[in-house]
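# Structural description and commentary
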Amino acid sequence: MPVITCIEDLKRIYRRRVPKMFYDYAETGSWTEQTFRDNTADFAQIRLRQRIAVDMTGRSTASRMIGQDVAMPVALAPVGLTGMQSADGEIKAARAAEKFGVPFTLSTMSICSIEDVAAHASKPFWFQIYTLNDDDFNKRIIERARVAGCSALVITVDLQILGQRHKDIKNGMSAPPKFTLPVLLDLATKWGWGIEMLGTKRRFFGNIVGHADGVSDPSSLSAWTAEKFDHALNWDKIRKLMDMWGGKVILKGVLDPEDAEKAAGLGADAIVVSNHGGRQLDGAISSIRMLPEIAAAVGNKTEVWMDGGIRSGQDVLKALALGAKGVLIGRAFVYGLGAMGEAGVTRALEVIHKELDISMALCGETRVANVGRQNVLVPKGFLDAYS
């Protein structure tokens, strides 16, 4: 195994190993990608406050997320097409998360189905659903998640309409890939990925193909997707989805304090401050800038988490210091998955955990629950630069 000291090391291997269309699918934002860039750049502006002469022994990053014990307050975010980054990728990521002691979230747009992942996991995982206008499909997939033992439903609320991602269009991104000449030339240099994919039967959207009415093969999926995302979404429809599930619910995609208060008022167990990784509304503010205001608006009504731009344990520490009770990581674990499969996801989690643990100690904290505003130095105007 190569020496991996940071998430960027995994990213470099990932880029060499995975076909261009799937690398670009993960490593892209909408339109000009301004928000995609800001998500990471804004973390870099925050500094950590070093403290000395503090007893660093007996440290712990253990925490809880919606009542679930976690090794650190980090969960794997729902990422579509994970099974195209590495063969059976959702299963590999779920196993790595389970062994490490953090939650895994399966996307509706996964390659491995809910049932596939459940068959290879020994503990419950979370399931993510989009706000679709097909009540019959919603009921059936929620019931499938319930039967599979999923312990929480993550409702993505910021994807009523798809933000345009130029690279996906230019690459002709699809699952499985269409064998055009550019794709074939690229695959010729990604033989390791290809050999793995030949060894699995899971190459389509396992939660949708054969389950959604009118979607019997990949060619009919795009039309179904375009029709079924609910452009008429409102708070009553979100409540209806929550009632269908009847268990713990996380609302993902909140980026405004007023929306956060409404989400908390619905009884969500957690909300995720998120701009969909910069993949939806380009020009939206970064998640880390909005986090403190949303955390203050919600108070203790619900748990506030965030995602977007987290590439290190220090980023996790900064998010916790500015009000998050937990974070979701997407690209960071995808880099590991594409680079080295399950072992790569484990390595990504190990890297983030070590960085969080050591940085926390050097900031004078021994318990992750004690991390707060006292541990960071924020530039003047950072939190009120926009109005």
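These remarks concern the structure in this document. Since this is a predicted model, take the numbers as computed values, not measurements.

With that settled, the discussion passes to the packing of helix α7 (residues 135-147) against helix α12 (residues 235-245). Look at α7 against α12: their axes get within 9 Å of each other, and the N-to-C directions meet at 40°. In the packing of α7 onto α12, the handedness of the crossing is right-handed. Every residue of α12 that contacts α7 at Asp-135, Asn-138, Lys-139, Ile-142, Ala-145 and Arg-146 is listed here: Lys-240, Leu-241, Met-244 and Trp-245.

As a further point, take the packing of helix α15 (residues 313-321) against helix α16 (residues 331-362). Viewed as axis vectors pointing N to C, α15 and α16 meet at an angle of 55°, and their least axial separation amounts to 7 Å. Between α15 and α16, the interaxial angle falls into the category oblique. Handedness of the crossing formed by α15 with α16: right-handed. Across the interface between the two elements, Gly-313, Gln-314, Val-316 and Leu-317 from α15 touch Ile-352, Glu-355, Leu-356, Ser-359 and Met-360 from α16. A class-by-class count of the residues in the contact of α15 with α16 yields five nonpolar, three polar and one charged.

Residues Gly-326 and Leu-328 line one face of strand β11 (residues 326-329) and the alternating positions Val-327 and Ile-329 line the opposite face, and both faces are buried. Here three bridges tie strand β4 (residues 74-76) to β11, and the two strands are oriented parallel to one another. Within β11, the position partnered with Val-74 by the bridge is Val-327. In terms of strand pairing, strand β10 (residues 303-306) meets β11 through two bridges, oriented parallel. If you follow Met-306 over to β11, its bridge partner there is Val-327. Between the parallel pair β10 and β11, the chain is carried across by α15, and the sense of this crossover is right-handed.

Applying the stated criterion across every chain, the model contains six aromatic pairs. Their ring planes at 45° and their centres at 5.2 Å tell us that Tyr-14 and Tyr-23 sit as a pair that is tilted. Note on Tyr-14: relative accessible area 0%, which makes it buried. Among the aromatic residues, ring-to-ring pairing joins Tyr-14, Tyr-23 and Tyr-335 into one connected group. Against the face of Tyr-25 rests Arg-279, its NZ or CZ located 4.6 Å from the ring centre. Its guanidinium or amino end placed over the ring of Phe-382, Arg-289 lies 4.3 Å from that ring's centre, counting from NZ or CZ.

The rules behind each value
- Residues numbered from 1 in each chain as written.
- Predicted model: local features only at pLDDT ≥ 70, side-chain atom pairs only at ≥ 80, totals over all residues.
- Heavy atoms only, no water.
- Axes fitted to C-alpha atoms, helices over the stretch in contact; angles between N-to-C directions.
- Helix = DSSP H or I, 4+ residues; strand = E, 2+ residues; numbered from the N terminus.
- Left-handed = near helix turned anticlockwise from the far one by under 90°.
- Contact = heavy atoms within 4.5 Å.
- Parallel < 35°, antiparallel > 145°, perpendicular 65-115°, else oblique.
- Nonpolar A, V, L, I, M, F, W, Y, C, P; charged D, E, K, R; others polar.
- Buried < 20%, exposed > 50% of the residue type's maximum accessible area, 1.4 Å probe, protein only.
- Pairing = 2+ DSSP bridges.
- Right-handed = clockwise from strand over helix to strand, strands pointing away.
- Phe/Tyr/Trp six-rings, centres within 6.5 Å; stacked < 30°, edge-to-face > 60°.
- Lys NZ or Arg CZ within 6 Å of the ring centre and 35° of its normal.

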